[in-house]
Structures are given as structure tokens and as C-alpha cells.
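# Coordinate inspection notes
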Amino acid sequence: MFVALLTEQIVNGLFTGAITLLIALGLSLIFSLGGIVNLAHGAFYAIGAYLAVSLTPSIGYGGSLVAAPVAVGLLGLLLERFLFRRFYRADPILSLLLTFGLAMVIEQLLRMAFGAAPLPYSIPRALRGQFFLGDFVLSRYRLTILAGVVVIVAALWWLLQRTAFGRVVRAGVQNPDMVGALGISLAPYMGAVVFLGVGLAALAGVMLAPIAGVHPAMGAEILTGAFVVVVIGGLGSFWGVVLAALIVGALRGVMVTVYPSAAEAAVYALMALVLLLRPRGLFGERILRFE
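The notes below deal with the structure included here. (Residues numbered from 1 in each chain as written. Predicted model: local features only at pLDDT ≥ 70, side-chain atom pairs only at ≥ 80, totals over all residues. Heavy atoms only, no water.)

### Quick look at the pattern of salt bridges
For the structure shown, the criterion picks out three salt bridges. As a salt-bridge pair, Glu 80 and Arg 85 come within 3.0 Å of each other at their nearest N and O atoms. The buried category is assigned to Glu 80, whose relative accessible area is 1%. (Salt bridge = Lys/Arg side-chain N within 4 Å of Asp/Glu carboxyl O. Buried < 20%, exposed > 50% of the residue type's maximum accessible area, 1.4 Å probe, protein only.)

And the structure:
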């Protein structure tokens, strides 16, 4: 019985880790290329969830999975063009203050538009129910979302590693001055990265909304976990962030089963240990302009 419960909690932890991974990958990309610590990233996650609540009655859950990330990505493009772009070469503390203020503004706008109370949002009927494998009880919705995240991560890896767009982005992360010397402007690439990053955050909001609920402060709640994953995985490392999300999710699942009150503390203790042993994270890359 204990093994079945432990397996169920690990799967639940991996589900949360997979959602956090989508947010963390966007955070890592935006910071690596633009040098902006985007504290508003959680707010885009919340906007995605609220858009899902608003759009699902008319276009369904599947339509919301597409429409909400695209809409939030376009909002990110506007913010990148008129706000973020002014701070790429400025002191990072300025972008941190900007995005912190932006997060507060978005949260209050959501509160004004939808109210402070949580909004109900149920799992789509087609994805309800459980799988029974002997003593194991696994949620159909959680397993479907886990499979979807695997596909999304694989597609993002292919985009960054196997396309001309990805080669320019990776070069821009390592040495933007050299890219500029070759006559390549990073401005449109940064816009595309912001579109992808905030779109992934909105997609995570749609996916987690039926489980975690929809309320104005939901972005602030998940943002800390995303930063922990980025720190553990290492700045600039795609697979480092992926591995960190899996480790954090599995660790949280194990601790919820064994010692629930210490589940969050264990995650932060792991982060502290990684920073002590490997200050750049598990697979952090050397980025010249940050040194």
C-alpha cells in the first residue's frame, strides 16, 4: 500500500514539476538572451489561466490550450517592444524593479476584472477518470498533461538545436557582441524568445488551472518554484533545467508521502546544496557577458 501511495505522489510531483518546467524554460531563455530577470513571468501564467476560464465556454478546453498562449505571447511581444527592450544593457536591478512592478499591476488588474475569489475551472470531461494498474491509481488528466509536456519540450529542443533560429539564439546567449559584429540583429530574436517564454507560461497556466484553481495571486505562488528549478539546473542549460524540474518534482512527491511538512523545505535545502557544490547549477554554462 505504501509503494502505491508513494508512486501516486511521485507522479503528482512530476506533474507539478512538468508545469514548473514550462515556466522555468521561459525564464531561463529570457534571462539568458536579454539579461532580464522577469519577475512578471508568473503573472503571464495567471493571465493564461484566466483566459482559459473565459474562453473555454466558447471554444472548449482544446481551443484554450492554443488561443491563451498565443494571446499572452502577443502581449509579451508588445511589452518586449515598448518596455523590456529599454533595459537589455541596463543594470539588471532596473529590469528586476520593472518586472516586479509589472507583476503587481497585472495581479491587481486581474483582481479588478475577475474579483479576488478563486474561479472554478474543472477538468475536461474527456480527460476525467483514473488509470488502474494493480494497486496504482493514476490520474488520466495528469498523465495526459505529462505526455503533452514531453512533446512540447522535445519541440523546443529541436527549435533551439536544429534550426537557424536556435543557432542565432544560442550564439546570442554566449556572445551577443560577436553576433552583432557579424551583422545579425538580435532584436527580432529577442522578441521571438519573449513570445515563446511567456506563451509557455500561459500554457502552463491553462494546464494547471483545473488542478490548482484560478485566482489573482497564483502567479506569485508558482514563480518561486520556477526560479528554484532554474537555479538548480543552471543558467543557459536546457537539459539542466529539465533535469532539475524532474528532480524537484520527484523529491516533492517523496517528501509529501514520507514527511509532508518538510516537502518545501527539502526543495530549498536541495537548492542550497547545489549552490554550495556547483554555484552555476548542475549544468550551468559559462556566459561571457555575465562574468
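### Some thoughts on helix α5 (residues 164-174)
Note: α-helices contain 3.6 residues per turn, so residues at a spacing of three or four share the same orientation. Within α5, the full set of buried residues consists of Phe 165, Gly 166, Val 168, Val 169, Gly 172 and Val 173. One side of α5 holds all its buried residues, which, seen down the axis, span an arc of 160 degrees. (Helix = DSSP H or I, 4+ residues; strand = E, 2+ residues; numbered from the N terminus. Arc of directions from axis to C-beta.)

### Side note on the side chain of Thr 20
For Thr 20, the location among the structural elements is in helix α1 (residues 2-34). A polar contact of 2.8 Å, which involves the side chain of Thr 20, links it to the backbone oxygen of Thr 16. In contact with Thr 20, other than residues within four places in its own chain, are Ile 222, Gly 225, Ala 226 and Val 229. (Polar contact = N/O pair within 3.5 Å; in protein donor to acceptor, adjacent residues only side chain to side chain. Contact = heavy atoms within 4.5 Å.)

### Description of the packing of aromatic side chains
When we look at a pair of aromatic rings, we describe it by the centre distance and by the angle of the planes. Using the criterion set out here, one finds six aromatic pairs in the structure. A connected cluster of aromatic rings, assembled from ring pairs, spans Phe 15, Tyr 61, Tyr 121 and Tyr 141. A cation over a ring is seen here: Arg 81 above Phe 82, with NZ or CZ 5.4 Å from the ring centre. (Phe/Tyr/Trp six-rings, centres within 6.5 Å; stacked < 30°, edge-to-face > 60°. Lys NZ or Arg CZ within 6 Å of the ring centre and 35° of its normal.)

### Some words on the packing of helix α2 (residues 41-82) against helix α3 (residues 92-114)
Interhelical geometry of α2 versus α3 gives an angle of 150 degrees and a closest axis separation of 12 Å. Between α2 and α3, the interaxial angle falls into the category roughly antiparallel. Crossing angle aside, the handedness with which α2 passes α3 is right-handed. Residue-level inspection shows Ala 43, Phe 44, Ala 46, Ile 47, Tyr 50, Ser 54 and Leu 79 of α2 in contact with α3, the latter providing Leu 102, Ala 103, Ile 106, Leu 110 and Phe 114. Taken together, the residues of the contact of α2 with α3 sort by class into 11 nonpolar, one polar and no charged. (Axes fitted to C-alpha atoms, helices over the stretch in contact; angles between N-to-C directions. Parallel < 35°, antiparallel > 145°, perpendicular 65-115°, else oblique. Left-handed = near helix turned anticlockwise from the far one by under 90°. Nonpolar A, V, L, I, M, F, W, Y, C, P; charged D, E, K, R; others polar.)

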